[in-house]
Amino acid sequence: MKRVYLDHAATSNPYPEVLDVMRKAWEEGYANPSSVHREGQTARRMLEEGREAIANLLDCSSEELFFTSGGTESNNWALRSLWKMMQSQGSSNAHKRDHIIVSSIEHPSILRTVKDLSDSGAKVTFLPVDFQGLISSESLENALSPDTSFVSVMYANNEIGTVEPIKELGRICHEKGVLLHTDAVQAAGAMPISIRDLDCDLLSFSGHKFGGPKGIGGLFIRKGIDLPSFLTGGEQEYGHRAGTQNLSGVLGMAEALKISTTDIEKKSANIKAIRNHLIEEVLTNIPGSHLCGHPDLRLPGNAHFLFDDIDGEALLLYLNLAGFACSSGSACSSGSTEVSHVLKALGISDQKARSALRISIGYENTEEEVLSIVPELLRIITDLRKR
Ligand code: PLP
């Protein structure tokens, strides 16, 4: 049976060119980039070429780009170090700067970090979203106060795919002199991004979400922000992030970003057309099916559904048996009874939230294979409803 992989938002499969580049990086750049000998200098040059390439593709300066082990580390670094930085500045300031604003639909790598910060004294505001997952400018304006230390809002949501108005939110933050971090892990490589054009101060991304390897990511830190390092140790990454760099990961991620952003308008329009066709087919053919998230302001490859009277875990298992790899969308909810915090924030009942199915389409999926899930879905859902 041919398998159809429709879980690219969890991890996308690597481009074949990425594997070639990574192998070459291991062969030619095996030495430590911090070593002074010729082999080390070769690795160093390759690393800086990778940094330069990624900076050009994301439209920022290479001095503003730091490599990490992925989105989770980038988010932890950004939030924990912004908090530390603001606390040390706070004592010489009239304002306490002990207030943090995040959206209520952030990834757990943000929400659990914020929980730690609140245990250390941070006062946290969770911005609400509307029923399609959008954050309004007004709610940010109302939440900002002279004590606000920083704001973190994701660029695009990993479950429902809604894309947030980051540029507008950045403008509002900057009018009040507040820094904005955005978790662009789902957006980078899936839609055009120019950091220069975006009004954000820090931005996280991760290689395995756009056809690159796992275990590599990055954090953009706008020039002039002296963010304390998070991992302490050696002086790698210009003293900002200790640990020997993952050279093959960096070069694999650079190659993946190059491929996914070449002709990105055309590619994302193509994926979006397949996605829209899938949504139309599901909503027309499957009774009691509902689309979650925003109809237009969403990641090109994301389709997220709820089904009346269905247990999402059972649905995923039967789809797997039928050859389709999909997800409920929520990392926390797989294998646990926990209901997605994102769907809760949308005002969806616990029972309905348990029926979630996320289909995330990637570069290698054809329209035919994506649409072939619809009759299987109908069959499985009809069977499950009879039980
Ligand atoms: N942020 C978002 C929005 C994500 O979707 C993910 C991964 O699912 C992460 C952060 C964590 O990234 P990583 O898996 O690279 O640690």
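Residues numbered from 1 in each chain as written. Predicted model: local features only at pLDDT ≥ 70, side-chain atom pairs only at ≥ 80, totals over all residues. Heavy atoms only, no water.

Draft legend 1. Structural detail: the pattern of salt bridges. One pass over the structure, following the stated rule, counts 21 salt bridges. Note that E48 is salt-bridged to R51, the shortest N-O span being 2.8 Å. With E48 and R51 both in helix α2 (residues 38–58), this residue pair falls three residues apart, about one helical turn. Note on R51: relative accessible area 1%, which makes it buried. Among the salt bridges present, the one from R51 reaches E237, with a minimum N-O distance of 2.8 Å. Taken together, the positions of R51 in helix α2 and E237 in the loop between β8 (217–221) and α7 (247–261) put the pair 186 residues apart, joining distant regions of the chain. E237 sits in the buried class, given a relative accessible area of 3%. Here the salt bridges do not stand alone but share partners, grouping R44, E48, R51 and E237 into one network. (Salt bridge = Lys/Arg side-chain N within 4 Å of Asp/Glu carboxyl O. Helix = DSSP H or I, 4+ residues; strand = E, 2+ residues; numbered from the N terminus. Buried < 20%, exposed > 50% of the residue type's maximum accessible area, 1.4 Å probe, protein only.)

Draft legend 2. Quick peek at the packing of aromatic side chains. Under the criterion given, the structure shown has three aromatic pairs. Measuring from centroid to centroid gives 6.0 Å for F66 and W77, while their planes differ by 75°, and the two rings are edge-to-face. Remark: W77 occurs in helix α3 (residues 71–90) and F66 occurs in strand β2 (residues 65–68); sequence separation between them is 11 residues. In terms of burial, F66 and W77 fall into one category: buried. (Phe/Tyr/Trp six-rings, centres within 6.5 Å; stacked < 30°, edge-to-face > 60°.)

Draft legend 3. Geometry of the site of the ligand. Residues in close proximity to the ligand total 14 residues, the closest being T72, D183, Q186, S206 and K209. Between the ligand and G71, the relevant distance is 2.8 Å, taken from an oxygen atom to a main-chain nitrogen or oxygen of the residue. One of the side-chain N or O atoms of Q186 is found 2.8 Å from an oxygen atom in the ligand. About the coverage of the ligand: the protein hides 84% of its 390 Å² of free accessible area. Sorting elements by how many residues they give to the shell around the ligand places α3 first, with three residues. Residue classes in the shell around the ligand are distributed as two nonpolar, 10 polar and two charged. (Near = heavy atom within 4 Å. Polar contact = N/O pair within 3.5 Å; in protein donor to acceptor, adjacent residues only side chain to side chain. Areas by Shrake-Rupley, 256 points an atom, 1.4 Å probe, with all protein chains shown as cover. Nonpolar A, V, L, I, M, F, W, Y, C, P; charged D, E, K, R; others polar.)

Draft legend 4. View of the pairing of strand β3 (residues 99–103). Burial of β3 is extensive: five of the five residues sit out of reach of the surface. Burial of the side chains of β3 extends over both faces: H99, I101 and S103 are buried on one face and I100 and V102 on the other. Examined bridge by bridge, β3 and strand β4 (residues 123–127) share five bridges and lie parallel to one another. Bridging across to β4, H99 finds its partner in K123. Remark: the β3/helix α4 (residues 108–119)/β4 crossover connection has right-handed handedness. Across four bridges, the pairing between β3 and strand β5 (residues 148–152) is parallel. Note on β5: the bridge partner recorded for V102 is S152. (Pairing = 2+ DSSP bridges. Right-handed = clockwise from strand over helix to strand, strands pointing away.)

Draft legend 5. Spotlight on the sheet that holds β3. If you walk across this open sheet you meet the seven strands as β2-β8-β7-β6-β5-β3-β4, and the pairing is mixed. The sheet is open, and its two edges are formed by β2 and β4, each paired on a single side. On average, each strand axis in the sheet is inclined to that of its neighbour by 20°, with strand direction left out of account. Bridge count for β2 against β8 is four bridges, and the pairing is antiparallel. In the sheet register, F66 faces β8, and the bridge partner there is L219. Each of β3, β4, β5 and β6 (179–183) is contacted by α4, which is oriented at about 160° to β3, the strand it contacts most. On top of the sheet, helix α6 (residues 166–175) reaches β5 and β6; it is set at about 160° to β6, its chief contact. (Axes fitted to C-alpha atoms, helices over the stretch in contact; angles between N-to-C directions. Contact = heavy atoms within 4.5 Å.)

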